[in-house]
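Coordinate inspection notes
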Amino acid sequence: MPETGTNDDATDRQLRLLIGLVVVLGVGASAAWIGWAHRHPEPAPPVIVLTVLCLAMIAAYRLRISVRVRSSLDSLAWDEIPVLVGLALVPAPWVLLCSITAITGLKIWARAGTLKTAFAAGKAALTSAAAAAVFLVSGVEPVLTDPDVPAITVVAALAVFTLVDQMAFLPVLATDTRTSIMQAARRHWIGKVIGFLGQLAASLLVLWVLSTDANVLLLLVAPLVVACMHLWQSRSARTREERESWQRLAKATDELNAVDLTQVLHSAATRAAQIFSAVEAAIDLHAANAGRTVRATEKRILFDGRLIAAPMPPDETTVDLVAHDGGVRVGLLRLRFGGAVKLTEVEQYKLRTFASAVCTAIRNALAYAELARIAEENAYAAAHDPLTGLANRRRLYDRATALCSDAGSDGLVALLLIDLNHFKEVNDTLGHAAGDDVLREVARRLSKAATPGDLVARLGGDEFAVLLTGLPTPALAGHRAAGMLGALEPGIEVEGMTLTVEAAGGIALAAGTGSVEELMRRADIAMYQAKRAGEPTMLYAHARDTADVERLLLPGELRRAVSEHEFTVDFQPIVDLGSGEVVSAEALTRWHHPEQGSVDPMRFLESVERSGQLPAFVDAVLEQSLRAMQAWREGGFDLPVAVNVSPRSLLDPGFPRAVLARLEQHGVPAHRLVLELTETLTISQVDVVERTLAELRNAGVRLAIDDFGTGVSSLSVLSRIPVHQLKIDREFVAAVETSAEAAAVVRTTVDLARNLHLTVVAEGVESEPQRRALWELGCVAGQGHLFARPHSAVRLLSTLQRGSGGRPGVLATALHEVGSVVRMPARRAAGAGRPPLPHLPA
């Protein structure tokens, strides 16, 4: 790894420079004493004395306490004693020669290498020369037989020796271990002080014996003193080092009790470098999916990334990360000391113990991470739809609850409930896999169209919901909802086909709802109202809420309402726009409830359709309509009646038989009954009810399409349904005078009806200008408040009998005189410029 290589090269260069400096200074000091000896010649000491001195120095060098720091040894030796004693007995140059010879021989014997041998020899020369300089300055002359050395000289010489020794060694140790000189100096300072005092005592004892008439056998006491102090100091140092090491190991084990894998790896790497005095520690993790390596010193992380296979450096010690009980190997712990190091048996045991603790910590962290991942997946699955990835009903409820309870939220909150129209056809025709593709695409489009902060959810099946947040005004909810549904308009490619998704949306504002359940209920009501009205979206309005009569629509309540004639039918006349004569009537149902009063059909029709009692309700309406026809006929007015029919009724195979039976019962010809079908009837529904409609038409019943022009499949439906009449929606009638587009829709509808031999009725005629405009566009019939409001059958009969202008059956003044020629406004003929539409077979 480049960073490590660069740091190692820099450290090696610094070490070579420091060692070279020590060697140069040692050579210089040796040369200075050789020069001094040349100027002050003295006889050479006996060979036996030099030999004994060399052996003593070798013994002192061998008798040392070494503590490993990285790949270096911080040693507490006794080599000062033979040097000080030798300076009192023989000239200084010979002491330097013995010291250099002894240490060089030892290093060569130990095969320590050129650098270490040169450094040891240079340091020995420096320390011995420094101590000799103290003796020289103190005026102490070496005497072999009766040395006389003041104690203060011994103390000073020992202090200088120790100081020079540390000044030469500490920079090298600090550089090798990449620590500061002060940190290296403070390491084991108590042992160094005790060693200094022991060396001083031993040196004074030897010199005292040699300078007095004391028994020479007392010299044997000095080695005993040195040996005892050495054993005590060695045991003390090792005990202290092991205690500190085990304390660091225990602290590291506590730090490994973490659940985060990164924290475990970082802590393990830094602690390994500290506990085992390594330059670097690395952990290669094999248990992770892609492998991972973390390298660190005892102070910082050097690398944390993907596991990279590389040859192992020669100065590395490795141990497998395996628990004490065996099991799976999760990785490898690598220690780099910056040099060849052989761990002691105790260190090896600690390393295995630490590796086992690291292995256990890694396995625990991996297990916790897996549990956290599973918990996160479960939490996600509990709050999201598995097919689309959108929020599910539970998450929508939680978010809506939080927003509704937060009075200080920014802006208004609304719920948009979306239902896909005729989605079942996709599943039935193309299969569920194609249906799933459609749902996923719808989810993607809704998510893309949503405003940041909104929550898009799938409630199940083909039902979606969007929680709209941050609305400055209620009106903006409709604007956002239109944008959401507009995103679904482009076709969806599924299995090589382009499908068009139709949807209806209900909007409810959260303010004033009190609960999420009430918010959902209101949005659901608004959505079904939008479906019924053929609108893409509709905002919840309390006036159209059917919740207050839901309890009335139980089967027993509905049967009671039918049997007690609570459902009543009012009739609105349909008038010839030119003559003002009534030509038919439309049946409009009301519910006169004994407690609720008059209930508008918009509030109960949808609930009746879902109640299961629709056949009974339709039969009651049809019964009253046929009775009214009989009463009018007896009163002199034979008027057809138009009755609205729900698509659900057409799904009943017995519906045609029930209608024809009622007609026969009342003696009403089938062609006098008109069944009005909503224009929002879709192609899929036409496919199902086509046989029912054909049976009714063949029997003579006339069919009409109500609210023509408001749906999205007008021509497609018209080409499949055998209708006789089109009814123009009141939306176009209201704007026929002011809007060119509305007039164009009316004109086009009239042209289409003429070519298909159909009649046209305009709904919602409110004024004479509207009547005239419609008549001039070719529309021959209309209904609305201009002529009459809905009345009961009896009252309508009275109105017909009274008439207008003395003419019974007429409700408005004629637009032209009988027999006069009326010049119509110039407009394009129905067939000009294009062939007429062919007549569709019934």
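Residues numbered from 1 in each chain as written. Predicted model: local features only at pLDDT ≥ 70, side-chain atom pairs only at ≥ 80, totals over all residues. Heavy atoms only, no water.

The number of helices and strands found in the chain is 27 helices and 23 strands. Relative to its 842 residues, the chain shows a buried fraction of 48%. Sequence separation of 24 or more characterises 69% of the internal contacts of the chain that already satisfy a separation of 6 or more. Accessible surface for the chain amounts to roughly 40700 Å². Of this, 59% is attributable to carbon and sulfur atoms. (Helix = DSSP H or I, 4+ residues; strand = E, 2+ residues; numbered from the N terminus. Buried < 20%, exposed > 50% of the residue type's maximum accessible area, 1.4 Å probe, protein only. Contact = heavy atoms within 4.5 Å. Areas by Shrake-Rupley, 256 points an atom, 1.4 Å probe, with all protein chains shown as cover.)

This brings us to unusual backbone geometry. A positive phi angle is found at His-757, which is not glycine, with a value near 60°. A relative accessible area of 61% places His-757 in the exposed class.

The interhelical angle for the contact between helix 2 (residues 47-62) and helix 3 (residues 80-89), taken along N-to-C directions, is 160°, at an axis separation of 8 Å. By the angle between their axes, helix 2 is roughly antiparallel relative to helix 3. Here helix 2 runs over helix 3; the crossing is left-handed. On helix 3, the residues touching Leu-53, Ala-56, Met-57 and Ala-60 of helix 2 are Pro-82, Val-83 and Gly-86. Of the residues that constitute the contact of helix 2 with helix 3, the class distribution is 6 nonpolar, 1 polar and no charged. (Axes fitted to C-alpha atoms, helices over the stretch in contact; angles between N-to-C directions. Parallel < 35°, antiparallel > 145°, perpendicular 65-115°, else oblique. Left-handed = near helix turned anticlockwise from the far one by under 90°. Nonpolar A, V, L, I, M, F, W, Y, C, P; charged D, E, K, R; others polar.)

Bringing the packing of aromatic side chains into the picture now. This model, assessed by the stated rule, comprises 4 aromatic pairs. Plain terms: the ring middles of Trp-33 and Trp-36 are 5.4 Å apart, the flat faces sit at 70° to each other, and that makes the pair edge-to-face. Of the two residues, Trp-33 and Trp-36 are both situated in helix 1 (residues 2-39); the distance of 3 residues between them amounts to about one turn of the helix. In this structure, Trp-33 and Trp-36 share a single accessibility class: buried. Among the aromatic residues, those joined into a ring-pair cluster are Phe-567, Trp-591 and Phe-617. (Phe/Tyr/Trp six-rings, centres within 6.5 Å; stacked < 30°, edge-to-face > 60°.)

Next up on the list: the pairing of strand 13 (residues 502-509). The buried fraction of strand 13 amounts to 6 of the 8 residues, a majority that puts the element mostly inside the structure. Pairing of strand 8 (residues 412-421) with strand 13 involves 8 bridges; the strand directions are antiparallel. The residue bridging Leu-415 from the neighbouring strand is Ala-508, located in strand 13. Sheet topology note: the strand 13/strand 14 (residues 537-539) ladder contains 3 bridges and is parallel. In the sheet register, Ile-507 faces strand 14, and the bridge partner there is Leu-539. With helix 16 (residues 516-533) bridging strand 13 and the parallel strand 14, this β-α-β connection has left-handed handedness. (Pairing = 2+ DSSP bridges. Right-handed = clockwise from strand over helix to strand, strands pointing away.)

Further remarks concern the pairing of strand 22 (residues 759-762). Sheet topology note: the strand 21 (residues 725-728)/strand 22 ladder contains 4 bridges and is parallel. Bridge pairing links Leu-726 to Val-760 in strand 22. Crossover connection from strand 22 via helix 26 (residues 768-776) to parallel strand 23 (residues 781-782): handedness right-handed.

Take the side chain of Thr-568 next. With respect to the element layout, Thr-568 can be found in strand 15 (residues 567-576). A polar side-chain atom of Thr-568 sits 3.1 Å from a polar atom in the side chain of His-592. For Thr-568, the residues in contact, after removing those within four places along its chain, are Leu-588, Thr-589, Arg-590, His-592 and Gln-624. (Polar contact = N/O pair within 3.5 Å; in protein donor to acceptor, adjacent residues only side chain to side chain.)

Looking at the chain as a whole, its pLDDT mean stands at 77, while 75% of the residues score no less than 70. In the model of the chain, strand 1 (residues 65-69) stands out as the element of lowest mean pLDDT, 46, in contrast to strand 23, which has the highest, 95. Low pLDDT, under 50, characterises residues 1-5; the stretch is placed with 8 contacts to residues that sit more than four places away or in other chains. pLDDT under 50 marks residues 65-74. Its contacts with residues more than four places away, or in other chains, come to 51 contacts. (pLDDT = per-residue confidence, 0-100.)

This next bit is on the sheet that holds strand 8. Reading across the sheet, the 5 strands line up as 9-10-8-13-14 and stay open at both edges, with mixed pairing between neighbours. Strand pairing shows two members of the sheet lacking a second neighbour, strand 9 (455-460) and strand 14, which therefore form its edges. Across this sheet, the average inter-strand angle for adjacent strands is 20°, counted without regard to direction. In the sheet, strand 8 pairs with strand 10 (residues 463-471) via 7 bridges, with the strands oriented antiparallel. Its bridge partner lying in strand 10, Leu-417 is registered against Ala-465. Of the strands in this sheet, strand 8, strand 9 and strand 10 touch helix 12 (residues 393-405), which is tilted by about 20° from strand 10.

With their axes 9 Å apart at the nearest point, helix 4 (residues 92-110) and helix 5 (residues 114-138) run at an angle of 160° to one another. If you check the angle between helix 4 and helix 5, you find them roughly antiparallel. Crossing handedness for the pair helix 4 and helix 5: right-handed. Contacts from Ala-92, Leu-96, Ser-99, Ile-100, Ile-103, Thr-104, Lys-107 and Ile-108 of helix 4 reach helix 5 at Thr-117, Ala-120, Ala-121, Ala-124, Ala-125, Ser-128, Ala-129 and Ala-132. Split by residue class, the contact of helix 4 with helix 5 holds 11 nonpolar, 4 polar and 1 charged.

Turning next to empty space enclosed by the protein. Taken as a whole and assessed by the stated rule, the structure comprises 1 cavity of 30 Å³ or more. Looking at the largest cavity, its volume works out to about 40 Å³. Looking at the largest cavity, the residues that line it are Val-618, Leu-622, Val-643, Asn-644, Val-645, Phe-655, Val-659 and Leu-675. At 3 residues, strand 18 (residues 641-645) tops the list of elements feeding residues into the lining of the largest cavity. Its residues placed into classes, the lining of the largest cavity shows 7 nonpolar, 1 polar and no charged. (1 Å grid on protein atoms, 1.4 Å probe; cavity = no way out; pocket = protein on both sides within 12 Å on 5 of 7 lines; lining within 4 Å. Points joined across faces, edges and corners; volume = space filled by probe spheres on them.)

The subject of this paragraph is the nonpolar core. Among the nonpolar cores identified, the biggest contains 75 residues, and Phe-571, Trp-632, Leu-675, Leu-718 and Leu-774 are the most heavily contacted of them. With 8 residues, the single largest contributor to this core is helix 19 (residues 614-634). Setting aside its immediate chain neighbours within four residues, Leu-675 contacts Val-643, Val-645, Phe-655, Leu-696, Val-701, Arg-702, Leu-703 and Ala-704. Of all hydrophobic cores here, the second largest spans 45 residues; its members include Leu-53, Ala-88, Ala-121 and Val-172. (Core = buried A, V, L, I, M, F, W, Y, C linked by side-chain atoms within 4.5 Å.)

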